[in-house]
Amino acid sequence: MAFAAKHGLLVLTAASIMSTVLGSVHAFSVFLEPLEAQFGASRSAVSFTYSGALVCLTAAVLLGHRFYRRVSAASFMLFSAFLAASGGVLAGMAPNLTVIWLGYSVIFGTANGLGYGFGLQIAAQANPGNEGVAMGIVTAAYALGAVLSPALFAHLLIDGFDAAMIGLAAVLLGAGILSSLGMRRANSHFFVPEVHAGSGTLALQKLGFLWLAYFGGVMAGLMVIGHAAAIAGGGWLPPAIVATCNLVGSLFGGRLSDRLSAVQLLTGLPALTAFSLLGLMIASEPALAMACLVVAGFAYGGTIAAYPAYVAKRFGMEHSPHVYGKVFTAWGTAGLAGPWLAGLLYDASGSYFVAFLMAAFFAVLSILTLPRAFG
């Protein structure tokens, strides 16, 4: 029993180390204005870099479970880190946005999804009975990366976008080595239990409602994260504050998912999101906008931690990687639509008002759909 507990903690720590660095993807808003200036590009074009990364991240989470068991956990983590670092280096050397999309959006985004999705599932698997807490911690570590990286990126941006990407690549390789060593010490392998048809298969009939509920719940959060620096007046501090709230929300979401019903928690979180968006629509001062971003960030963090935990509980750990991969495509769709659409609407109107209104609609849709998904 003591060995099992030590093994679980070591796996959780190793997964969290890698998750922390991968979470830097959500600090992308600090690159918006520098890349606009460097390439003379529109906000929607630059925002597509972030949206594309989230789409590739989603595809990796959807399909990654097919590869989790092929190699040891240590090898999988090291490969994910090396691939992500390669994408960062390519983006840093890019002469135009198209190459940045290839390096950052496609390669880094795909590696991000592989590392994050694997870490999430193996941490839960190594800590039976505490899956919600384990997933919440890995998700919070992902948010921690978005807390720490804006200041680092802002400092490196003094020497240009290329310096920021090279710095990211170096940190990725270091984290990958540490995570790999931890997984190796725990002798960790992804375990694929025998899958039985039954409650998990029958529950898939509600997958469409679950998808819509998750999509609506994360749409606003991804829009806010992708444009936080611009919404609250620029600089690296707003993305860092929003990411801190994501972290706190993730810890609460993971813990509360072991205590509250899905309907209770996942109705309250989008309600908070809708409230924050209404505030953003009327906010005339940066301080009020920042307060609303705080609420939206907290709600988003709780949402992304609670959904995988509830999926694992509802469908069973044997179904969880496959089912959550499908549900996670809602996050990827919101990741594509949210930041890019917000940038497009900003280019057309000069403000985020219509984007906030649209996101509030989807938050309400999540509330209305959720009882059909978990009822």
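The following paragraphs examine the structure supplied in this document.

Procedures and definitions
- Residues numbered from 1 in each chain as written.
- Predicted model: local features only at pLDDT ≥ 70, side-chain atom pairs only at ≥ 80, totals over all residues.
- Heavy atoms only, no water.
- Helix = DSSP H or I, 4+ residues; strand = E, 2+ residues; numbered from the N terminus.
- Rg over C-alpha atoms; globule rule 2.2 N^0.38 Å.
- Buried < 20%, exposed > 50% of the residue type's maximum accessible area, 1.4 Å probe, protein only.
- Contact = heavy atoms within 4.5 Å.
- Areas by Shrake-Rupley, 256 points an atom, 1.4 Å probe, with all protein chains shown as cover.
- Lys, Arg positive; Asp, Glu negative; His and termini not counted.
- Charge placed at Lys NZ, Arg CZ, Asp CG, Glu CD.
- Phe/Tyr/Trp six-rings, centres within 6.5 Å; stacked < 30°, edge-to-face > 60°.
- Lys NZ or Arg CZ within 6 Å of the ring centre and 35° of its normal.
- Expected span 1.5 Å × (residues − 1).
- Bend = angle between axes of the 7 residues up to and from the residue.
- Salt bridge = Lys/Arg side-chain N within 4 Å of Asp/Glu carboxyl O.
- Polar contact = N/O pair within 3.5 Å; in protein donor to acceptor, adjacent residues only side chain to side chain.
- Axes fitted to C-alpha atoms, helices over the stretch in contact; angles between N-to-C directions.
- Parallel < 35°, antiparallel > 145°, perpendicular 65-115°, else oblique.
- Nonpolar A, V, L, I, M, F, W, Y, C, P; charged D, E, K, R; others polar.
- Core = buried A, V, L, I, M, F, W, Y, C linked by side-chain atoms within 4.5 Å.

1. Let's talk about the overall build of the chain
Then step 1. Helix and strand counts for the chain stand at 14 helices and 0 strands.
Then step 2. Secondary structure elements of the chain occur, N-terminal to C-terminal, as α-α-α-α-α-α-α-α-α-α-α-α-α-α.
Then step 3. For 375 residues, the compact-globule formula gives about 21 Å, and the C-alpha radius of gyration of the chain, at 19 Å, lands near that figure.
Then step 4. When the backbone C-alpha atoms are referred to their principal axes, the chain occupies close to 55 × 45 × 30 Å.
Then step 5. Buried residues in the chain amount to 57% of all 375 residues.
Then step 6. For the chain, long-range pairs separated by at least 24 residues make up 85% of all intrachain contacts whose partners lie at least 6 apart in sequence.
Then step 7. In the form shown here, the chain has an accessible surface area of approximately 14300 Å², with 71% of it arising from carbon and sulfur atoms.
Then step 8. Separation between the mean location of the 14 positive side-chain charges and that of the 10 negative ones in the chain comes to 17 Å.

2. Some remarks on the packing of aromatic side chains
Then step 1. Applying the stated criterion to the full structure yields 21 aromatic pairs.
Then step 2. Where Phe31 meets Phe153, the ring centres are 4.9 Å apart and the plane angle is 45°; that geometry is what we call tilted. One end of the pair, Phe31, is in the loop between helix 1 (2-22) and helix 2 (32-39); the other, Phe153, is in helix 6 (residues 131-156), and 122 residues separate them in sequence.
Then step 3. A ring pair is formed by Phe48 and Trp101, whose centres lie 5.3 Å apart and whose planes are at 80°; its orientation type is edge-to-face. Of this pair, Phe48 sits in helix 3 (residues 43-64) while Trp101 sits in helix 5 (residues 97-125), and the two are 53 residues apart along the sequence.
Then step 4. For Trp101, a relative accessible area of 26% translates into the label partly exposed.
Then step 5. Through successive ring pairs, a cluster of aromatic residues spans Phe28, Phe31, Tyr50, Tyr104, Phe108, Phe153 and Phe161.
Then step 6. Seen from the ring of Tyr346, Arg43 lies directly overhead, with NZ or CZ sitting 4.7 Å from the centre.

3. Notes on helix 14 (residues 353-374)
Then step 1. In this model, helix 14 (22 residues) spans 32 Å end to end at C-alpha, consistent with the 32 Å of a helix rising 1.5 Å per residue.
Then step 2. The sharpest bend along helix 14 comes to roughly 35°, located at Leu368, with the proline Pro371 sitting one to four residues further on.
Then step 3. Among the residues of helix 14, Ala355, Phe356, Ala359, Ala360, Phe362, Ala363, Ser366, Thr369, Leu370, Ala373 and Phe374 are the ones counted as buried.

4. Comments concerning the pattern of salt bridges
Then step 1. This structure, assessed with the given rule, holds 2 salt bridges.
Then step 2. The partner of Glu36 in a salt bridge is Arg43, with the nearest N and O atoms 2.8 Å apart.
Then step 3. The network of salt bridges with shared partners includes Glu33, Glu36 and Arg43.

5. Details of the side chain of Ser257
Then step 1. Secondary-structure assignment places Ser257 in the loop between helix 10 (237-256) and helix 11 (262-282).
Then step 2. Ser257 sits in the buried class, given a relative accessible area of 3%.
Then step 3. Aside from chain neighbours lying at most four places away, what touches Ser257 is Gly132, Leu265, Ala306, Ala309, Tyr310 and Lys313.

6. Quick look at helix 6
Then step 1. Taking 1.5 Å of rise per residue, 26 residues should cover 38 Å, and helix 6 covers 37 Å from first to last C-alpha, within 8% of that figure.
Then step 2. Along helix 6, the sharpest change in direction is near 35° and occurs at Ser149; proline Pro150 comes one to four residues later.

7. A short note on the side chain of His26
Then step 1. Among the structural elements, His26 can be located in the loop between helix 1 and helix 2.
Then step 2. Since its relative accessible area comes to 6%, His26 is described here as buried.
Then step 3. In this structure the side chain of His26 is engaged in a polar contact, spanning 2.6 Å, whose partner is the side chain of Tyr50.
Then step 4. Residues within four places of His26 in sequence aside, it is in contact with Tyr50, Leu54, Tyr142, Ala146, Leu222, Ile225, Tyr300 and Trp331.

8. Structural notes on the packing of helix 6 against helix 10
Then step 1. Where helix 6 contacts helix 10, the axes come no closer than 8 Å and their chain directions differ by 175°. When the axis of helix 6 is compared with that of helix 10, the two are roughly antiparallel. Across from Gly132, Val133, Gly136, Ile137, Thr139, Ala140, Ala143, Leu144, Ala146, Val147 and Pro150 in helix 6, the residues of helix 10 making contact are Pro239, Ala240, Ala243, Thr244, Asn246, Leu247, Ser250, Leu251, Gly254 and Arg255.
Then step 2. Residue classes in the contact of helix 6 with helix 10 are distributed as 13 nonpolar, 7 polar and 1 charged.

9. Remarks on the nonpolar core
Then step 1. Residues Phe31, Tyr214 and Trp331 are the most contacted members of the largest nonpolar core, which totals 118 residues.
Then step 2. Among the elements that make up this core, the one with the highest residue count is helix 12 (residues 286-315) (15 residues).
Then step 3. Among residues more than four places away in sequence, those in contact with Tyr214 are Thr303, Ile304, Tyr307, Tyr324, Val327, Phe328, Ala330 and Trp331.
Then step 4. In this structure, Ala140, Ala143, Ala146 and Leu247 belong to the second largest nonpolar core, which totals 6 residues.

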